[in-house]
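Summary of the model geometry
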Amino acid sequence: MDQTENKKERAKERREKRRQEISLLRSIPYSGNQRWWSAETIAVVTGANRGIGFEITHQLALQGITVILTSREVAVGEESAKVLQEGGLDVGFHQLDIVDDESIKSFCDWVKEKYGGIDILINNAGVNHNIGSDNSVEAAETIINTNYYGTKKMIKAAIPLMRPSAQGARIVTVSSRLGRLNGKRNRISDDGLRNQLEDVDNLSEELIDATMTKFLEQVKDGTWTSGGWPQTNTDYSLSKLAVNAFTRVMAKKLSTRSESEKIYINCYCPGMVKTAMTGWAGQVTPEEGADTAIWLSLLPDQAVNGKFFAERLITRQLIIWIFLYLHLLACNIPPLSLSLNSSSQFQFNFISYSTQPAMGNCFSGGGHGQFAVGGTSSALDTHGRNEAVDNFFKSRDYNGLFYQIELSLSATNLRDRDVFSKSDPIAVVYIKGKDGSLQELGRTEVVLNSLNPQWITKVKVTYCFEMVQTLIFRVYDVDSQFQGPEVKTLKLDDQQYLGECNCHLSQIVTHPKRSWTADLVRIAESTEATRTNKLGQLTVYAEEELVSKTTAELTFRCSDLENKDFFSKSDPFLVISKNVASGTTVPICRTEVLKNNLKPEWKPIFINISQVGRKDNPLIIECFNFNSNGKHDLLGQAQKSLAELEKLSSSKEGENLCLPITVGKDHQTKVLKGQLFVEKYSESVHHTFLDYIVGGCELNFMVAIDFTASNGNPRLPDSLHYIDYSGRPNAYQKAIQEVGGVLQFYDHDKKFPAWGFGARPIDGPVSHCFNLNGSSGINPTVAGIQGIMTAYQQALSNVSLAGPTLFGHVITSAATIASQSVAANEHKYFVLLIITDGVITDLQETMDALVKASDLPLSILIVGVGGADFKEMEILDADKGEKLQSTTGRVASRDIVQFVPFRDVQGEEMSVAQSLLAELPSQFLTYMRNNGIQPKTKLQTT
Ligand code: NDP
């Protein structure tokens, strides 16, 4: 292994260790017994209608806190709040735009009047319009005004409202590591300014403001590139740097307040989170991104102030204490609560930690607490929800955009490297990152003495439709001296390399037999190319994990429940929980509360089998009597797995409810008269996108290119159509390559219809839909992605750019092909990519065409290139605005458009394809479900 590989290997090990540390940290309960908050505690979250803000609201409300979800758009915010309220959580809503003084004032007046003040403020609202280093004045101003000045205004307005309490009020701001002063690759290069910003004793708000003003002035006069500002995401990084510095300034000011009026202010980086801001391309879920905010808000003994956190940590030193904590927990020794005092020294307090979460911990006990939570049928209905709501369900596996795939490997005719016996092969699977680095996904077991191994150990990979995922398979012969220890610890460098092969995951999953075979080749260490030398063949078989598709529907009833209420009968409800590794239980769902009923039968609940792991994993079913103060009485409990509940249902027998009681020092179980029955048990399989693809359904790619004159003369370098023969693709070429690069694998014949619009073909009038292949006939197809690229370049020399920009014609052409396919009973879904530089002139005609097309197997992806203001185009993308309506008043049956301005996705972290294609599988599934179309292959059920 050469030095670079060594380095990469070490970096990979460090990353893996860090990942493990983080997940350990996140598994530590927020408070244990030191729960200082209650339903009276008021938390406010800004920008909470979606993303991390929505998840913070959700998590705080799950803790039993009253949370006010705020959003600048009333309708969207109300809808987001509603989904949490329907889950029984105490969530209020109010409009709040943090850059609008009036809005802040009216919010503060309202909160003072209605709640008397605030205990926790989470500054989450933020924007990042401009990825990369091409700051426009408008983007820089919006980002700095929102992220820094807006957050500052909100903090200043909220401080007078923060209520005195023993544990202190809390302000937590969602910031970013990009705003660190001493980042290695992304920092202010002026040492003097950096030192000033770091020097908390002399740091002032004026200095921070002056730094922002200087930067914005340089953006305006075009000199900012030589100003020594952070190199990537410059305006965003600076806005967060200002937020971090302002946190230090405020912490110092607030530290002078009296003990009873303490306010603690801190900020944190949530990691790279899968939200709209990153085009869903992050590494962590919004739930994980919210974790540190919840932890900082709820710390039992919070004296830490003015600090920047990442993953609950300010320094790596803390990790040592965390391990100690976990170790004690594992040894059943009463664990420690870790607290941080003002000088960042760590203190331990021994506390007794109850493994059973107090009621109200997970479900609010207030007036809203009487509805079913999680696992209800409504959870599966995703129609008409906004993005935040969709995301809420997405993160709970209800639409399955990401699938776990298990790869089974086998090989034939491997080379024999052993002298006295045959090779002992192992296969290792890697995934290739954007930067070319390899990340190991897993390895098989070692098969002894075999040149035709069939490995049993499966390797798991998460399939992401919108990305081209390159897999590398390497086969080694394991030296006998290394056999025996865990394969994970085997040093691959010490083994004999037998060869490798690579492919895209989509090549395997789109194969009718889900399998793929290739020759093993040997990649030479030197510059020598690959050398095929009878190294054998590797076969990969892909299978989707079936468990996630199956949902069980259960109807519970109870008989002879105990009466706990004086003047009426008990108000029972059920809570269903699962055991987790640490020995604690985690609630999965609960039923609605039935009033005055000792023989209740609740509405059906739905449990996805992936929620419980396996059908035979035990579930704890507890029956409570509802009390509005949140202290519900346990009426009885039973422990049964889904498999046992299914049996109960078919036998019609009841299960006795029990009650844990303490007699002296003994813990005993009292069997009650009351019984639990399962009136109905059924399982259904929800087909996934891959079921259809494996069943032979094709995605047919089509493309339409804007040839209007506003693109500029293609011969000049400033034209959007300029072909740079040095190989750097223009935005049109890039969008075709990226989107086509993903979709081509799903199109069997790879013959793509390709059109141009807004130009005058030689000697003709302006055409709003002409064949890119130059033919005037009815066949607009070209062969492969390369065919589109060639036809596009030829068209540039054969047509004169003109205008206006009309989409109606190309959409109608695509819709005609889609409807012919439906008439021919083909199993196909069409995807039209429109690339344009301008705002359309035929908005209403386009909407009419889209409303019609919404009934067809068609999705439309629009990429806006260049600097135009594409606001109007967003109307077409129903995610971002109202549902589309035609001139006749007909409303689109589903959202079929995804619009992305190219400039928003030019960063390193996400691609045009990822942002555009992310929604495609759910649009596809909605079409299939709306039309009752089943996948062709018969599915096995679990
Ligand atoms: P999203 O874009 O999903 O959410 C941002 C939220 O902020 C939206 O609700 C948005 O409202 C709201 N918002 C924007 N401007 C205003 C305003 N003027 N007043 C009130 N609300 C506003 O992003 P994330 O959830 O990813 O980001 C949340 C926070 O986390 C941001 O501060 C971001 O900088 C930070 N962060 C995110 C990272 C990530 O990887 N995602 C990494 C590091 C930090 P609307 O829907 O109306 O636009």
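Because the structure is predicted, anything quoted here is derived from the model rather than measured.

When helices and strands are counted, the protein shows 21 helices and 34 strands. The proportion of buried residues among the 942 residues of the protein is 53%. For the protein, contacts bridging at least 24 residues in sequence account for 72% of all contacts bridging at least 6. Accessible area for the protein stands at about 41,800 Å²; split by element, carbon and sulfur atoms hold 50% of it.

What follows deals with the sheet that holds strand E6 (residues 263-269). Spatially, the seven strands line up as an open sheet ordered E3-E2-E1-E4-E5-E6-E7, and their pairing is parallel. In this open sheet, the two edge strands, each paired with only one partner strand, are strand E3 (91-95) and strand E7 (308-310). Averaged over all pairs of adjacent strands, the angle between strand axes in this sheet comes to 20°, irrespective of strand direction. Note: strand E5 (residues 169-174) against E6, six bridges, orientation parallel. Following the sheet pairing, Arg170 is matched in E6 by Tyr264. Where helix H5 (residues 137-158) meets the sheet, its contacts fall on strand E4 (120-123), E5 and E6, and the angle it forms with E4 comes to roughly 170°.

Taken in spatial order, the four strands make up an open sheet running E12-E11-E14-E15, and their pairing is antiparallel. Since the sheet does not close on itself, it has two edges, and those belong to strand E12 (438-443) and strand E15 (496-504), each with one partner. Looking at each pair of strands side by side, their axes are set apart by 25° on average, direction ignored. Inspection of the sheet shows strand E11 (residues 425-432) paired to E12 by five bridges, in the antiparallel sense. Each bridged residue has a counterpart across the sheet, and for Ile431 the counterpart in E12 is Gln439.

Glancing now at the environment of Pro901. Within the secondary structure, Pro901 sits in strand E34 (residues 897-901). Residues Pro901 and Ile835, spaced 66 residues apart in sequence, show a C-alpha to C-alpha distance of 9.8 Å. With residues near it in sequence (within four places) discarded, Pro901 still touches Gly864 and Phe870.

Attention shifts here to the packing of H5 against helix H7 (residues 205-221). Between H5 and H7, the shortest axis-to-axis distance is 9 Å and the interhelical angle comes to 165°. Taken as axis vectors, H5 and H7 run roughly antiparallel relative to one another. When you trace H5 past H7, the crossing you get is left-handed. Contacts between H5 and H7 involve Val137, Ala140, Glu141, Ile144, Tyr148, Tyr149, Lys152 and Lys156 from the first element and Glu205, Ile208, Asp209, Met212, Thr213, Phe215, Leu216, Val219 and Lys220 from the second. Partitioned by chemical class, the residues of the contact of H5 with H7 number ten nonpolar, one polar and six charged.

The full set close to the ligand counts 28 residues, and Asn49, Asn124, Tyr236, Val273 and Thr275 are the nearest of them. Ile52 has a polar backbone atom sitting 2.8 Å from an oxygen atom of the ligand. Expressed as a share of its isolated accessible area of 890 Å², the protein-covered part of the ligand is 94%. Of all the secondary structure elements, the ones that give two or more residues to the shell around the ligand are helix H2 (51-62) and helix H8 (234-254). Among the residues forming the shell around the ligand, the class breakdown is 13 nonpolar, eleven polar and four charged.

Glancing now at the pattern of salt bridges. Inspection of the entire model under this criterion finds 21 salt bridges. Where Lys615 meets Glu683, a salt bridge forms, and the shortest distance between an N and an O atom there is 2.8 Å. With Lys615 in the loop between helix H13 (609-612) and strand E22 (618-625) and Glu683 in strand E25 (residues 666-685), this residue pair connects regions lying 68 residues apart in the sequence. Beyond isolated ion pairs, a larger network of salt bridges with shared partners links Lys152, Lys156, Glu205, Asp209 and Lys253.

Time to look at the packing of aromatic side chains. Aromatic ring pairs: the centre-centre distance and the angle between the two ring planes describe each pair. Tallied over the entire structure, the rule returns 22 aromatic pairs. Summarising the aromatic geometry, the rings of Tyr692 and Phe924 are spaced 5.5 Å apart at their centres and angled 80° between planes, so their arrangement reads as edge-to-face. In this pair, Tyr692 is assigned in helix H15 (residues 689-694) and Phe924 in helix H21 (residues 920-930), connecting sequence segments 232 residues apart. The pair formed by Tyr692 and Phe924 is uniform in burial state, with each residue classed as buried. Put simply, the rings of Phe689, Tyr692, Tyr746, Tyr829, Phe924 and Tyr927 touch in pairs and so form one group of aromatic residues. Directly above the ring of Phe677 sits Arg557, whose terminal nitrogen or CZ lies 3.9 Å from the centroid.

Let's shift gears to the confidence of the model for the protein. Of the residues in the protein, 80% have a pLDDT of 70 or more, and the chain-wide mean is 80. Looking across the protein, the model is least confident in strand E9 (residues 346-350), with a mean pLDDT of 27, and most confident in E4, with 98. Predicted confidence is poor over residues 525-530, with pLDDT under 50, and the contacts of this stretch with residues over four places away or in other chains come to four contacts.

Relative to the helices and strands, Gln196 resides in helix H6 (residues 191-198). Taking the relative accessible area as the measure of exposure, Gln196 reaches 43% and is therefore partly exposed.

Looking now at helix H16 (residues 731-743). Across its 13 residues, H16 extends 18 Å between first and last C-alpha, which sits within 8% of the 18 Å expected from 1.5 Å per residue. A large share of H16 lies buried, amounting to ten of its 13 residues. Ala731, Tyr732, Gln733, Ala735, Ile736, Val739, Gly740, Gly741, Val742 and Leu743 are the residues of H16 that are buried. The N-cap of H16, judged by a side-chain oxygen 2.9 Å from the amide nitrogen of Tyr732 a few residues on, is Asn730.

Next up on the list: a negative patch on the surface. Together, Glu5, Asp479, Asp493 and Asp494 give the surface a local cluster of negative charge. Of note, Asp493 is situated in the loop between strand E14 (470-477) and E15.

Conventions we followed
Residues numbered from 1 in each chain as written. Predicted model: local features only at pLDDT ≥ 70, side-chain atom pairs only at ≥ 80, totals over all residues. Heavy atoms only, no water. Helix = DSSP H or I, 4+ residues; strand = E, 2+ residues; numbered from the N terminus. Buried < 20%, exposed > 50% of the residue type's maximum accessible area, 1.4 Å probe, protein only. Contact = heavy atoms within 4.5 Å. Areas by Shrake-Rupley, 256 points an atom, 1.4 Å probe, with all protein chains shown as cover. Pairing = 2+ DSSP bridges. Axes fitted to C-alpha atoms, helices over the stretch in contact; angles between N-to-C directions. Parallel < 35°, antiparallel > 145°, perpendicular 65-115°, else oblique. Left-handed = near helix turned anticlockwise from the far one by under 90°. Nonpolar A, V, L, I, M, F, W, Y, C, P; charged D, E, K, R; others polar. Near = heavy atom within 4 Å. Polar contact = N/O pair within 3.5 Å; in protein donor to acceptor, adjacent residues only side chain to side chain. Salt bridge = Lys/Arg side-chain N within 4 Å of Asp/Glu carboxyl O. Phe/Tyr/Trp six-rings, centres within 6.5 Å; stacked < 30°, edge-to-face > 60°. Lys NZ or Arg CZ within 6 Å of the ring centre and 35° of its normal. pLDDT = per-residue confidence, 0-100. Expected span 1.5 Å × (residues − 1). Patch = residues over 30% accessible without salt bridge, like charges linked within 9 Å, V, L, I, M, F, W, Y side chains within 5 Å. Lys, Arg positive; Asp, Glu negative; His and termini not counted. Charge placed at Lys NZ, Arg CZ, Asp CG, Glu CD.

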